[in-house]
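# Analysis of the macromolecular model
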Amino acid sequence: MTPHRIVTAPDLAPPVGFAHAVVAAPGSTVHLGGQTAQNSTGAIVGTTMADQFDQAAANVVAALAASGATAEHLVSLLIYVTDVRAYKAALPELGPLWRKHFGRHYPAVALFGVTSLFDEEALIELLGTAVIP
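Structural notes, computed from the coordinates. These numbers were taken from a predicted model, which means no experiment stands behind them.

Calculation criteria
- Residues numbered from 1 in each chain as written.
- Predicted model: local features only at pLDDT ≥ 70, side-chain atom pairs only at ≥ 80, totals over all residues.
- Heavy atoms only, no water.
- Helix = DSSP H or I, 4+ residues; strand = E, 2+ residues; numbered from the N terminus.
- Rg over C-alpha atoms; globule rule 2.2 N^0.38 Å.
- Buried < 20%, exposed > 50% of the residue type's maximum accessible area, 1.4 Å probe, protein only.
- Contact = heavy atoms within 4.5 Å.
- Areas by Shrake-Rupley, 256 points an atom, 1.4 Å probe, with all protein chains shown as cover.

### Quick word on the overall build of the protein
Looking only at helices and strands, the protein features three helices and six strands. Reading the protein from its N end, one meets helices and strands in the order β-β-β-α-β-α-α-β-β. Against the 2.2 N^0.38 benchmark of 14 Å for 133 residues, the protein shows a C-alpha radius of gyration of 15 Å, consistent with a compact globule. With respect to the three principal axes, the spread of C-alpha positions in the protein is 35 × 35 × 25 Å. Classification of the 133 residues of the protein by burial places 34% in the buried group. Put simply, 76% of the contacts in the protein that link residues at least 6 apart link residues at least 24 apart. Surface exposure of the protein reaches about 7,300 Å², of which carbon and sulfur atoms provide 57%.

### Some thoughts on the environment of A37
With respect to the helices, strands and loops of the structure, A37 is situated in the loop between β3 (28–31) and α1 (49–66). Measuring from C-alpha to C-alpha, the distance between A37 and F53 comes to 6.8 Å, with 16 residues separating the pair along the chain. Once you skip the residues sitting within four places of it in the chain, A37 turns out to touch A43, I44, V45, Q52, Q55, A56, N59 and I124.

Have a look at this one:
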């Protein structure tokens, strides 16, 4: 059972790859810590936005699984990047990686350009909230 319903708004542009609003159903809320492209040793892996998104998304899914949740339980995802232009340029690569980790589930998403992340080598950080029904 999906823990939420997607809200559509006729006055907003059609969402592509995200939802404008999500209403979470009752359940247990899971607040994920920010996930970067760290591997199991704590090292940042990958040098491109796509490589790092792939690892960060895998880390999100692993943290969800450890909490008893799945990608379909995500109700929001905040994406922090150190280069918005590079993120936009990587969109053709990011779409298939999104589907690899999250399927065709699109939570409420926001993208933020930041000057840096905690790990100097990190290009992207994903911060999610999920609701387990």
